[in-house]
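This is what each chain is made of:
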Amino acid sequence: MRRALTPYLLVLPGGLWLLLFFVVPAATMLSLSLQEGDVVNGYVFTGHWQTYADAIVTYRTQFLRSLTYGAITTLVLVGVAFPVAYWIAVHGGRRKPAYLLLLLSPYFVSFVLRTISWRQLLTDEGVLLGPLKSAGLLSAQFHVLGTPVAVIGGLVYTFLPFMVLPVYVALERIDPRVVEAARDLYAGPAAAFRRVVLPLALPGVFAGVLMTFVPASSDYVTSAVLGGPSTTMIGQVIQAQYLSSSNYPAASALSATLMAVLLGGLFAYARALGTADVLTVAAR
Amino acid sequence: MTGRGGGRVLRAYSLLVIAWLTLPVLVMVLFSVNDTRGRYNQSWNGFTLAWYGRIFERDELTRALVTSLLIALATMLVAGALGTGIGYALGRYRFRGSGVLDLVMFAAVACPDLVMGASLLTLFVSLGAGLGAVTIACAHVMFAISFVAVVVRARVLTLDRSLEEAAADLGAGRWTTFRRITLPLLAPAVSSGMLLAFALSLDDFVVAGFTAGTTTTFPLWIWGATRAGLPPQVNVMGTLLYLTGVLLAVSTAIRARPRRR
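Computed from a predicted structure; not experimentally measured. (Residues numbered from 1 in each chain as written. Chains lettered and ligands numbered in written order. Predicted model: local features only at pLDDT ≥ 70, side-chain atom pairs only at ≥ 80, totals over all residues. Heavy atoms only, no water.)

On to the overall build of chain B. Of the regular secondary structure elements, chain B holds 11 helices and zero strands. For chain B, the α and β elements follow one another from N to C terminus as α-α-α-α-α-α-α-α-α-α-α. The C-alpha atoms of chain B give a radius of gyration of 23 Å, which is well past the 18 Å a tight globule of 261 residues would have. Its C-alpha atoms put chain B at 70 × 65 × 35 Å along the principal axes. Long-range contacts, defined here as pairs at least 24 residues apart, represent 71% of the contacts in chain B between residues at least 6 apart. Carbon and sulfur atoms provide 62% of the accessible area of chain B, an area that totals close to 13,000 Å². Averaged over its 23 positive side-chain charges, chain B has a centre that lies 8 Å from the centre of its 12 negative ones. (Helix = DSSP H or I, 4+ residues; strand = E, 2+ residues; numbered from the N terminus. Rg over C-alpha atoms; globule rule 2.2 N^0.38 Å. Contact = heavy atoms within 4.5 Å. Areas by Shrake-Rupley, 256 points an atom, 1.4 Å probe, with all protein chains shown as cover. Lys, Arg positive; Asp, Glu negative; His and termini not counted. Charge placed at Lys NZ, Arg CZ, Asp CG, Glu CD.)

Structure, rendered in structure tokens:
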């Protein structure tokens, strides 16, 4: 009897914490999104779905922009991260941990501070653009800050480790003898890569896509620091609705929609491929 | 796998990516030793270490850093204990509800920070709870639990059970076995999970932004001060935190290295 109780006693405190501060808040938010009222007089549940329709229609540009930026960021990340992960996994040899540390150490710097450093680097007359402009290589009107390029570049920078690590883990698991066998069977380097290495690395890429697309699409710090009025993402809208306008029902409806879109895709994905891999990678 | 030339191109490319990643860190370190005079620490005025001596001269910034460190410490301890419980149970026992727990943990890891922070705000607002360091810590423990649990579970699953059986054969009770055998074997996973919790808490900006009220943490202070110009003390603190992180990572890596015979 006592034996049967042990796991429940172990799980209880943490489980309650997750229930209280994750499940209950999510439910509160969903409920609040269907209420009407204001901060001063309180809210009443009215099942007012119109809030959703209004919020989505008003901010559909920012919604679509966020998903587009998220998708582009993820695609760029696959392209940037795969060769690096491949190089460390295959050519890293004994220095693999050192290279990984070099790659990850920038992330010991606070996220906000890193993003602000980028703004400092990219300002019109800053260390990067200033010299190029005075040398006449760039026109004086050229600027990066405030453009989608700056925002997507910042997003790629922020989420790079979440793509490199899962891909690295997948590549690292590949038995070199499998690739040798392919070569022995007269596969050229390209064919061996395409037909052996790539399929074995795909789970890592999938995990990376999952771990970067969601946070990149919902990010608001990067576009607030590096972007401009034409790059506003849905995260900025939600943040402003909550913290500046205190328009809680509309803000809740927006973030519930964001959550539904992102988590819906995620759960479909998790059902298809299993959660174990992702969580293992997330823990690294 | 690839020819020599391919390897060299890959190497050059990877080093270029690493350089790109390190660029903002260099900017941060550089401007921590900049002899700046005006309000904006943006252009190079020559080398000085003066700011390191004057690191605690901005009271609000110092207070924000202390708040952040205390919250991170609390998060580390509480999430460490609760996460270890979950991780151990999930790795060792089969029990009803473990599937649901798995799903909730997965959702908590995957859920965007923004949505997490926003929903916590709605909860605290409807409860009429005062926002501050306590609500930030509650939120941080929530998102750190899953990470600790996953790290500990992975370790429990690879644990050699015959060691515990041997202890039992030698007459150790269940509690003694757990305390003298299982716990020491789990210690590396528990401590790396706790470090992760500390780091996640210290770096968090988004969730804290929603649950802080008028309390200011280190990232929140930086965010608020950006427009008025960041004082060089921010760079000094950032540099010191960065160096601490690197040193910790290096020492853990050296300790974890398998010994050669």
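A word on the overall build of chain A. Looking only at helices and strands, chain A features 13 helices and two strands. The proportion of buried residues among the 284 residues of chain A is 51%. When contacts within chain A are restricted to residue pairs at least 6 apart in sequence, long-range pairs at least 24 apart make up 67% of them. For chain A, the computed accessible surface area is about 13,300 Å², with 67% contributed by carbon and sulfur atoms. Here chain A contributes 17 positive and 11 negative side-chain charges, whose respective centroids are spaced 11 Å apart. (Buried < 20%, exposed > 50% of the residue type's maximum accessible area, 1.4 Å probe, protein only.)

Before going further, it helps to examine the packing of helix α11 (residues 234-243) of chain A against helix α5 (residues 113-127) of chain B. Between α11 of chain A and α5 of chain B, the least distance of the axes is 11 Å, while the angle of their chain directions is 15 degrees. Here α5 of chain B runs roughly parallel to α11 of chain A, going by the angle between their axes. Crossing geometry of α11 of chain A relative to α5 of chain B is assigned as left-handed. Contacts from Gly-235, Ile-238, Tyr-242 and Leu-243 of chain A in α11 of chain A reach Leu-114, Ala-118, Leu-121 and Thr-122 of chain B in α5 of chain B. Of the residues assigned to the contact of α11 of chain A with α5 of chain B, the class counts are six nonpolar, two polar and no charged. (Axes fitted to C-alpha atoms, helices over the stretch in contact; angles between N-to-C directions. Parallel < 35°, antiparallel > 145°, perpendicular 65-115°, else oblique. Left-handed = near helix turned anticlockwise from the far one by under 90°. Nonpolar A, V, L, I, M, F, W, Y, C, P; charged D, E, K, R; others polar.)

Now for the packing of helix α3 (residues 60-91) of chain A against helix α7 (residues 148-173) of chain A. All names here are of chain A. Direction vectors running N to C along α3 and α7 enclose 45 degrees, while the axes themselves pass 6 Å from each other. As far as their axial angle goes, α7 and α3 are oblique. Once α3 is placed against α7, the crossing between them reads as right-handed. Grouping the amino acids of the contact of α3 with α7 by side-chain chemistry returns 24 nonpolar, two polar and one charged.

Across the boundary between the two partners, chain A contributes 87 residues, which contact 82 residues of chain B. Taken together, the connections running from chain A to chain B amount to one salt bridge. The partner of Arg-114 of chain A in a salt bridge is Asp-203 of chain B, and the shortest N-O contact between them spans 3.9 Å. Joining chain A to chain B, the criterion identifies seven residue pairs in polar contact (both at pLDDT 80 or more). For the side of chain A that touches chain B, the element with the highest residue contribution is helix α1 (residues 2-33) of chain A, accounting for 22 residues. By residue class, the composition of the side of chain A that touches chain B is 63 nonpolar, 18 polar and six charged. (Salt bridge = Lys/Arg side-chain N within 4 Å of Asp/Glu carboxyl O. Polar contact = N/O pair within 3.5 Å; in protein donor to acceptor, adjacent residues only side chain to side chain.)

So, about the packing of aromatic side chains. In this structure the tally under the stated criterion is 18 aromatic pairs over all chains. Between Trp-17 of chain A and Phe-21 of chain A, the ring centres sit 5.4 Å apart and the planes meet at 45 degrees, which makes this aromatic pair tilted. Separated by four residues within a single helix, Trp-17 of chain A and Phe-21 of chain A lie in helix α1, roughly one turn from each other. A relative accessible area of 22% places Trp-17 of chain A in the partly exposed class. Both rings, one in Phe-21 of chain A and one in Phe-124 of chain B, keep their centres 6.4 Å apart while their planes meet at 50 degrees; by these two values the pair is tilted. Of the two residues, Phe-21 of chain A sits in helix α1 while Phe-124 of chain B sits in helix α5, which places them in two different chains. These aromatic residues form a ring-pair network of at least three members: Tyr-107, Trp-118 and Tyr-157 of chain A together with Trp-20 of chain B. (Phe/Tyr/Trp six-rings, centres within 6.5 Å; stacked < 30°, edge-to-face > 60°.)

With that settled, consider the UniProt feature "transmembrane region" (unreviewed entry) in chain B. Those places that UniProt annotates as "transmembrane region" (unreviewed entry) correspond, in this numbering, to residues 12-33, 69-91, 103-125, 131-152, 183-202 and 236-254 of chain B. For residues 12-33 of chain B, the helix share is 86%, the strand share is 0%, and the end-to-end C-alpha distance is 30 Å. (UniProt positions renumbered as here; feature names shortened; annotations may be inferred.)

When the UniProt feature table is mapped onto this chain, "domain: ABC transmembrane type-1" (unreviewed entry) is found at residues 65-252 of chain B. Its end C-alpha atoms 25 Å apart, residues 65-252 of chain B is made of 82% helix and 0% strand.

Right, let's get into the nonpolar core. Residue and element names in this part refer to chain A. Ranked by internal contacts, the top residues of the largest apolar core, which has 151 residues, are Leu-160, Leu-171 and Tyr-242. Looking at this core element by element, the count peaks at 15 residues for α7. Discounting residues that sit within four places of it in the chain, Leu-171 has contacts with Phe-82, Ala-85, Tyr-86, Ala-89, Val-197 and Ala-201. (Core = buried A, V, L, I, M, F, W, Y, C linked by side-chain atoms within 4.5 Å.)

Here we take up unusual backbone geometry. Apart from glycine, the bulk of residues carry a negative phi angle, and the bulk of peptide bonds sit in the trans form. All names here are of chain A. Positive phi outside glycine occurs at Tyr-186, with the angle close to 70 degrees. Mapped onto the elements of the fold, Tyr-186 is located in the loop between α8 (176-184) and α9 (189-217). Within the chain, Ser-246 stands out as a residue other than glycine whose phi angle is a positive 50 degrees. Along the chain, Ser-246 turns up in the loop between α11 and α12 (248-273). Using a relative accessible area of 26% as the deciding quantity, one classes Ser-246 as partly exposed.

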